[in-house]
Amino acid sequence: SAAKLTAMSEAAQENGHDGKARDLAGVLATCTAVVKLLELEGHGKHQEVKVPSLSAALRQAEQVLKMRRAPKAVAAALTALERAGCCGVLVDHMEPTSLEAFVRSPELLNISTKARRILKPRATALLEEGEWERLLTPKKRSGRSKAVEPLGDKYLQGWRWVVLVGFAAVVGSSCFFRAFWYNMHQNGAFMDDGTAIGKNPNIVDPNLDWDRLMRTDYWGLEMFDPDKWTHKSFRPLTTLTFRWNYQSFGGMDTSSYFVTNVVLHVVCSFLVGVYCKVVCRIPALYTAAATALFASHPVHTESLMYVVGRADPLCAILVLIGVVVYDKCCNRRPDEKVHKGTWTTVKLLLGFLLTTLLFLAAGLCKETGFTFFGLLVGQEILPILTHSWRPTPPSKEDLIPRAGRILAILICGGAACGWRVWYTSGTGIERMDPYSNPFAANDNGYTRKLSYTFVHGMYGKLLVWPYFLCYDYSHDAIPLLTSLTDLRLGLGSATYTAFAAIVHLVLRALASNGTRSAGYGAAVNLGFFLLSFFPMSNIAFPVGTVVAERLLYKPSIALVGAAAVLGQVIMEGPITKSRHSRRFQAAAGVGFLGLWAFWWARAYKRCWEWETVERMFFTDGYKQLHSERTQLNLGNYHLMHGEYRDALAAYERAVASDPAQRDAVPLYHAAQIHMAVSHDMETAEKYLKKAVTGYFSPLVIAEEEVWHDYGLVLWQTKKPEESIRNLQVAVMTNPLYTKGLNNLACATTMHALTQNDHHTAMQGLQTLQRAIELSPNTPMYWRNAASLFKMVGDLERAQHAWQQVYYLEGEDPGEITNNCIWEFYFR
């Protein structure tokens, strides 16, 4: 019959009878679907069934429909035939008893709206008036119902689920509890911690200057001075929490910074569970699982141990509270009745106002908080977009208030984002060095796009498999991708494919069951992920880093929320209704415990690595050998321990990571080792010549230091004129730079005396007098003054300076020498 129908369809197509050809193709599809149904359901065996005609196939299908699992068979048949465009054939041939049995079964809710529309005319004729609408409304499950309830839900009602989520948050976060005894002063301030906290005037000054707080960035740098570099990270509320730690617990010599971060993480973990239960409608047991996973995710270690990462937990806490408040006060569920009254209006207005204030506060903790106004829009739009998948469309009483709330959210969110961009004069980072984000610094747009693809894959890998962790992924830890043949593109492609599959599954879940299903929770988490990941993706604007683990704090909320939804679907799906359900649930439970145990252990080990700055520099330095920044810090570690050979090797690896050798810091440190240890002035000169033309970071090293040491090494290599020019640049860069003034005076005076230029020699002495005025209690400057005055023949002033040396040192300084003491500090 199939072969005959195929031949007839092809003949009709050749003769131009397209309509007839489509009808024949539909009949053929119906036969094929019914035959497949018989193969799957007939006596539980996969066997070939010979069907002589469509009528015979339908008659045999009736026999299948009379089996014990008839409603499920009907649902499967209608779904298959509906895709072929001819499910009406099966509906027309079904016996009334079979049809009524199917309509009264729960399987009615598992077919599409289109199939229900085809089924409705025959079904309503067999049912009482209004019964069709009642059957399309899911009934609440009672304790005596045989329907499968969410696992453990009947034991986790009321306050019990709150206790469970709190317990999961505490136990999950216990991997970070050893940080309660970490001390920033004793263990060292890690990188930006020393600048953003220890040197930030908004934190260390006893009196808080509100005007200064509002005009400086996260690091205490002026944002509106065109001559000064700024990161434009305006986070005043987070800065105030650091001030509270500093002023209340004894400055930097305290563990309160780490205690505060871990406590905030426990609170945020608990709120993740509340968010999953209240907003995403996830059952309590899976909510607790999501809480435990989030609390122990290893990628959060950087947000907690790198103290300046506090901005992420603070922002996440305020966002989660805002989302929950909005859901409870403003976002009416589609299946709830519209309640009118004064209290309802007041609750809505207060909830909206509180949510807006919480999101504004989140944005002042970290900029990404402003983007979550979009999540509220998604929560409002989602029921409207899915109205065609629900039994009844939304009413005007639902649509009009919802549209008003969407408009209000867009106005408030747009105003907040616009104000933030206007206040900081944009979001771009002026004069950003090419090392923090070499992809953004690259001029080739094609290379940037390929490289960002791999970066997105790296973020996906860190979220799912956080085994390799490092505090830095900047230049040249992730080399640029320049060709489509680069195999690293496979990671980005796999991430995009997985994301597309998730989006597809979310849409299918919504199409099947509307906002009552797990699809609603998955859709909310999808929106949460997009809004938290997009600002850090480098798609709209460049960020100050390539990959940073602390940026994944908020996207990981969506990850564990989606994992909870997936767990619910797997544990309560069709497989759990089989005779192997208990085994499957046990295996799934063991798998979850294994994943959680791995994450907890990895987070605990990573927290141990963060205990001291030296341990972190050493561990990650040998873990990430191609990163310029990790090698620089590794070199600093060896330098502090007097291991000059290892330090020089690390600095040279940092220099070699960039063929253009543009970063001044490793060049400067390598040159200092050659100057002070190996006394190789020629090699030091080569490094410093490149350093003075490279990039300087004001948070790491002062620019005048590099110019000064370059001038000093030029003097040692017998290039006095070049030496004087570079020392002058150092002094012009910082007029209060006493070390530079001292050495410039020595170089200028001594070189002028060799040229018999008395006028220039006296100018050099005036430069030294300036250094003495700035630091009058430094014996070295008075010694040099005495020596230089003696060289120019002014013995009276030389003797006066020598008496100052005796006064400051308290002992006889001996005879006045004919040499200068060059000031040099081995950093």
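To keep things clear, this report deals only with the structure shown in the data block.

Conventions used here
Residues numbered from 1 in each chain as written. Predicted model: local features only at pLDDT ≥ 70, side-chain atom pairs only at ≥ 80, totals over all residues. Heavy atoms only, no water. Phe/Tyr/Trp six-rings, centres within 6.5 Å; stacked < 30°, edge-to-face > 60°. Buried < 20%, exposed > 50% of the residue type's maximum accessible area, 1.4 Å probe, protein only. Salt bridge = Lys/Arg side-chain N within 4 Å of Asp/Glu carboxyl O. Helix = DSSP H or I, 4+ residues; strand = E, 2+ residues; numbered from the N terminus. Arc of directions from axis to C-beta. Core = buried A, V, L, I, M, F, W, Y, C linked by side-chain atoms within 4.5 Å. Contact = heavy atoms within 4.5 Å.

Let us now look at the packing of aromatic side chains. Under the definition given, this model contains 31 aromatic pairs. Seen in terms of ring centroids, Tyr218 and Trp219 are 5.3 Å apart; in terms of plane orientation they differ by 85°. Their pairing is edge-to-face. Ring geometry for Trp422 against Tyr423: centres 6.3 Å apart, planes inclined by 55°, an arrangement best described as tilted. By relative accessible area, Tyr423 is classed as buried at 17%. Each residue in the set Phe190, Tyr306, Tyr471, Trp610 and Phe617 is aromatic and connected to the rest through ring pairs, giving one cluster.

Let us look at the pattern of salt bridges. According to the stated counting rule, one finds 25 salt bridges in the structure shown. Between Asp312 and Lys366 there is a salt bridge, with its nearest N and O atoms 2.8 Å apart. With a gap of 54 residues between them, Asp312 in helix H18 (residues 311–329) and Lys366 in the loop between helix H19 (342–365) and helix H20 (373–385) connect regions that are remote in the sequence. One salt bridge connects Lys554 with Asp312, and the closest N-O pair in it is separated by 3.3 Å. Here Lys554 is found in the loop between helix H25 (518–533) and helix H26 (555–571), whereas its partner Asp312 is found in helix H18, with 242 residues between them in sequence. Note on Lys554: relative accessible area 3%, which makes it buried. Three or more residues are tied together by salt bridges with common partners; here these are Lys605, Arg606, Glu609, Asp620 and Lys623.

Before going further, it helps to spend a moment on helix H28 (residues 613–623). Residues of H28 that are buried: Val613, Met616, Phe617, Asp620 and Gly621. Down the axis of H28, the buried set is contained in an arc of 115°. They therefore lie on one face.

Counting residues in each nonpolar core, the largest one holds 86 residues, and the members touching the most others are Tyr275, Ile478, Phe528 and Val547. Looking at this core element by element, the count peaks at 10 residues for H18. Once residues within four sequence positions are removed from consideration, Ile478 is found in contact with Phe439, Phe454, Met458, Tyr473, Arg488, Val546 and Val547. Among the nonpolar cores identified, the runner-up in size contains 32 residues, and Tyr182, Ile203, Met252 and Tyr257 belong to it.

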